[in-house]
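Results of the structural survey
The lines below spell out each chain.
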Amino acid sequence: MAASIRAATDNETFDLAGHDASNINQTISDAFSQPFHLDRMIRVTFVTGAGKLARQKYDDKAMQTLTSALRKLDYVEDRGASCVNECGGCYKTQHDT
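First things first, this report covers the structure right here in the doc. (Residues numbered from 1 in each chain as written. Predicted model: local features only at pLDDT ≥ 70, side-chain atom pairs only at ≥ 80, totals over all residues. Heavy atoms only, no water.)

Below, the discussion takes up the side chain of His 19. Secondary-structure assignment places His 19 in the loop between strand 1 (12-15) and helix 2 (21-32). A polar contact of 2.4 Å, which involves the side chain of His 19, links it to the side chain of Asn 23. Not counting the four nearest positions on each side in its chain, His 19 is found in contact with Met 1, Ile 24 and Asp 59. (Helix = DSSP H or I, 4+ residues; strand = E, 2+ residues; numbered from the N terminus. Polar contact = N/O pair within 3.5 Å; in protein donor to acceptor, adjacent residues only side chain to side chain. Contact = heavy atoms within 4.5 Å.)

The next subject is the pattern of salt bridges. Overall, the coordinates contain two salt bridges when judged by the stated rule. Here Asp 10 ties to Arg 40 by a salt bridge, and the two come within 3.1 Å at their closest N and O atoms. Taken together, the positions of Asp 10 in the loop between helix 1 (2-7) and strand 1 and Arg 40 in the loop between helix 2 and strand 2 (44-47) put the pair 30 residues apart, joining distant regions of the chain. Exposure remark for Asp 10: the relative accessible area of 39% places this residue in the partly exposed category. When the shortest N-O distance is used, the salt bridge between Glu 77 and Arg 79 registers 3.8 Å. A residue is classified by how much of its surface remains accessible, and Arg 79, at 73% relative accessible area, is exposed. (Salt bridge = Lys/Arg side-chain N within 4 Å of Asp/Glu carboxyl O. Buried < 20%, exposed > 50% of the residue type's maximum accessible area, 1.4 Å probe, protein only.)

Attention now goes to the environment of Phe 36. Structurally, Phe 36 is set in the loop between helix 2 and strand 2. The exposure class of Phe 36 is partly exposed, given its relative accessible area of 23%. On a C-alpha basis, the gap between Phe 36 and Arg 6 in space is 7.1 Å, while along the polypeptide they are 30 residues apart. Discounting residues that sit within four places of it in the chain, Phe 36 has contacts with Ile 5, Arg 6 and Ala 31.

Right under this line is the structure:
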């Protein structure tokens, strides 16, 4: 998955179903430890959970593991982040219902 994230040139969504905490940490480290060389900002979205019919596919702490891995790489949470250069190195969480 890390190679697919690194190869992204447009907004992409990646589903973390079936990935445990160790795998999430390694994927995030491999994908985000070096800057992306892009002409413009892109949005990389991770699905970390689902409704009651699919909830069992996700690690209970997938969101917590993901954000912790990003913080270890010096990414900072910005609840207003968007696809502009000023938001490079930021992440935003969102709960969809």
